[in-house]
Amino acid sequence: MRFRHSDGSTVHLAYCTNVHPAETLDGVLAQLRDHCEPVRRRLGRDRLGIGLWLARDAAHALVTDPSALRGLRTELEHRGLEVVTLNGFPYEGFGAEEVKYRVYQPDWADPERLAHTTDLARVLAQLLPDDVTEGSISTLPLAWRTAYDQERATAARTALTTLAERLDALHELTGRSLRIGLEPEPGCTVETTRDALAPLTAIGHDRIGICVDTCHLATSFEDPHTALDALAQARVPIVKSQLSAALHAEHPHLPEVRAALAAFDEPRFLHQTRTLTAAGLRGTDDLGEALAGDALPDASPWRAHFHVPLHAAPATPLTSTLPVLRAALTRLVGGPHPLTHHLEVETYTWQALPPELRPRARAQLADGIAAELTLARDLLTDLGLKELP
């Protein structure tokens, strides 16, 4: 979906296909048919943006077989879909029964991460619509925080510098300008936008910036305006923003609140949980740890890294951090010029919701994703952006 900003530029809105995990190119093509096109039809749109997730094997198949890449582009056009952004965070196995810490491997100190992201950039350069010259790719924020010493930090910085040089060369070759955004996430080396300032400033290349995920922003109790102002002051480019909402518990000391939270403690994904105390941010790596005994202080609200559907906040006594998303979006695209032109709804946890909230069929999932995109569209038009055909 495209929108015209008051400054005349185009803002793209997509939804991320990591909600439909597939490891192979055939699986990706099936996603387009079974999920993405039905969402587009529900929205009554001739064209729908998708933030494509390509696992390692799918990306490698595309970059080594030009005919397969041409076939994917043809399929996108046939189904009324367009791609200006990729989600390069998960490497493989995102649909496994247990993902947890595996999603952070390989990290940026591992040559495999550079190789995979280079493949993604080469694919995206060929998938961009004819009238679009700028693309974006989100990636993990360097590494999970453990076992990340100075040697690995140096290797990661070198890899990202090499990637920037490759993106420069790709621009010269194709005319397509691609940028990579580190996506701060709780528990990682770069947990907050503030944590991103030093490494990104050290790299010092405008092709390497940040992806602001509003669920992660909220989970770490960052104020959107303060965070985005700091990025602007440091001249760190906001490559893209993922529109998502975290799980919020206002009174975690109450038994009924803990019982409600326990329903979201599931085995597939990591749900880092945080609370803001007088001494600073405290947290656990997963929701279950927070609920077990006194691992996390409960005198102040808790927020958990669980991407809840944007249009459907959890039932009382829980809620979501949609207000943080609204505030961030206002700052991102509500001013005289957009801070980013790529927005992506990223609720990948539909099948991890409590059983009574999960979609039971493809049609229900398509309905839910369409409802999220409708909410995002309404937020954008309320900010004065005009939806384009």
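Details of the structure are given in the entry above.
The residue numbers shown here count from 1 along each chain, following its written sequence. Restriction of local features to residues with pLDDT of at least 70 applies here, the model being predicted, together with a cutoff of 80 or more for giving and counting side-chain atom pairs; totals for whole chains, interfaces and linings are based on all residues. Where side-chain values are given, they derive from all heavy atoms of the structure, hydrogens and water being excluded.

Per the convention used, a helix needs a DSSP run of H or I reaching at least four residues, while a strand needs a run of E reaching at least two, with both numbered from the N terminus. Broken down by element type, the protein chain carries 12 helices and 15 strands. The size measure is the radius of gyration over C-alpha atoms, and the globule rule it meets is 2.2 Å times the number of residues to the 0.38 power. What you see for the protein chain is a C-alpha radius of gyration of 20 Å, in line with the 21 Å of a compact globule of 389 residues. By its C-alpha atoms, the protein chain is 60 × 50 × 45 Å across when sized along the principal axes. When contacts within the protein chain are restricted to residue pairs at least 6 apart in sequence, those whose partners lie at least 24 apart make up 79%. Positive charges come from Lys and Arg alone, negative charges from Asp and Glu alone, with His and the N- and C-terminal ends not counted. Taken as the charge centre is NZ of Lys, CZ of Arg, CG of Asp or CD of Glu, depending on the residue. Each charge class in the protein chain was averaged separately, 38 positive and 52 negative side chains, and the resulting centres sit 4 Å apart. Residue contacts are defined here by distance: any two heavy atoms, one from each residue, within 4.5 Å place the two residues in contact.

It is worth spelling out the side chain of Glu-185 at this point. Mapped onto the fold, Glu-185 is located in the loop between strand S6 (177-182) and helix H6 (193-203). Buried and without a salt bridge, Glu-185 has Arg-274 as its closest oppositely charged side chain, separated by 8.8 Å. A polar atom in the side chain of Glu-185 sits 2.3 Å from the side chain of Tyr-104. Leaving out residues up to four positions away in the same chain, Glu-185 has contacts with Phe-89, Tyr-104, Pro-141, Val-190, Glu-191, His-216, Gln-272 and His-305. Accessible area is worked out with a 1.4 Å probe on protein chains only. A residue is then buried under 20% of its type maximum, exposed over 50%, and partly exposed in between. Only one rule defines a salt bridge in this text: a Lys or Arg side-chain nitrogen within 4 Å of an Asp or Glu carboxyl oxygen. Two N or O atoms count as a polar contact when they lie within 3.5 Å, although within protein this holds only if one can serve as hydrogen donor and the other as acceptor, and sequence-adjacent residues are included solely when both atoms are side-chain atoms.

What follows covers the packing of aromatic side chains. Only Phe, Tyr and Trp rings take part, Trp by its six-membered ring, and two of them pair if their centres are within 6.5 Å. Stacked means planes under 30 degrees apart, edge-to-face means over 60, and tilted covers everything else. A complete count under the given rule lists 8 aromatic pairs for this structure. A centroid spacing of 6.1 Å and a plane angle of 65° characterise the contact between Phe-89 and Tyr-104, whose relative ring orientation is edge-to-face. In this pair, Phe-89 sits in the loop between strand S4 (81-87) and helix H4 (111-127) while Tyr-104 sits in the loop between S4 and H4, placing the two residues 15 residues apart along the sequence. Here Phe-89 falls in the buried class, since its relative accessible area comes to 5%.

Okay, helix H5 (residues 150-174) next. To estimate how far a helix should reach, multiply one less than its number of residues by 1.5 Å. Helix length check: H5 (25 residues) gives 36 Å between terminal C-alpha atoms against 36 Å at 1.5 Å per residue, within 8%. Taken together, the buried positions of H5 are occupied by Ala-153, Ala-156, Ala-159, Leu-160, Leu-163, Ala-164, Leu-167 and Leu-170. Looking one or two residues beyond H5, the residue adopting positive phi is Gly-175, at roughly 80°.

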